[in-house]
Amino acid sequence: MLLVVTVERFLEHDAGIGHPERPGRLDAAIAGVARPDLAGAVDLVAPRSATEPELLAVHTPTMVAAVRSIDAAG
């Protein structure tokens, strides 16, 4: 099973001309994994905020605190 986390809002991300991350690429990727012959093999889900234990499973407490500080500063 392939889990794809996406939401329509992601199509608003545009890193500029020539950058590989662009709305058209995301459209093509989603169309590719949403093919009928892949039904049951791909699960499209909406994103959610990570929990504290999830963050700490892959990042140090110092890193999590630094990102929270940057976020709080706007």
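Quick caveat: nothing in here was measured; it's all calculated off a predicted structure.

Asker: For this particular structure, what's the right way to read the environment of G32?
Answerer: For G32, the position within the fold is in helix α1 (residues 23–33). The partly exposed category is assigned to G32, whose relative accessible area is 28%. Residues G32 and V42, spaced 10 residues apart in sequence, show a C-alpha to C-alpha distance of 10 Å.

Asker: Hey, could you run me through the pattern of salt bridges in this one?
Answerer: Oppositely charged side chains may form a pair once their charged atoms are brought near each other. For the coordinates displayed, the defined rule picks out 4 salt bridges. In this structure, R25 and E21 form a salt bridge, with 2.6 Å as the shortest nitrogen-oxygen distance. With relative accessibility at 41%, the residue R25 sits in the partly exposed group. For D37, the salt bridge identified is with R35, shortest N-O distance 2.8 Å.

Asker: What am I meant to see in the pairing of strand β2 (residues 42–45) here?
Answerer: Bridging between strand β1 (residues 2–5) and β2 involves 4 bridges; their strand directions are parallel. Looking at β2, one finds that L2 is bridged to V42. Regarding topology, α1 serves as the crossover connection from β1 to the parallel β2, and that connection is right-handed.

Rules and cut-offs
Residues numbered from 1 in each chain as written. Predicted model: local features only at pLDDT ≥ 70, side-chain atom pairs only at ≥ 80, totals over all residues. Heavy atoms only, no water. Helix = DSSP H or I, 4+ residues; strand = E, 2+ residues; numbered from the N terminus. Buried < 20%, exposed > 50% of the residue type's maximum accessible area, 1.4 Å probe, protein only. Salt bridge = Lys/Arg side-chain N within 4 Å of Asp/Glu carboxyl O. Pairing = 2+ DSSP bridges. Right-handed = clockwise from strand over helix to strand, strands pointing away.

Shape is all these values report; function is a separate question.
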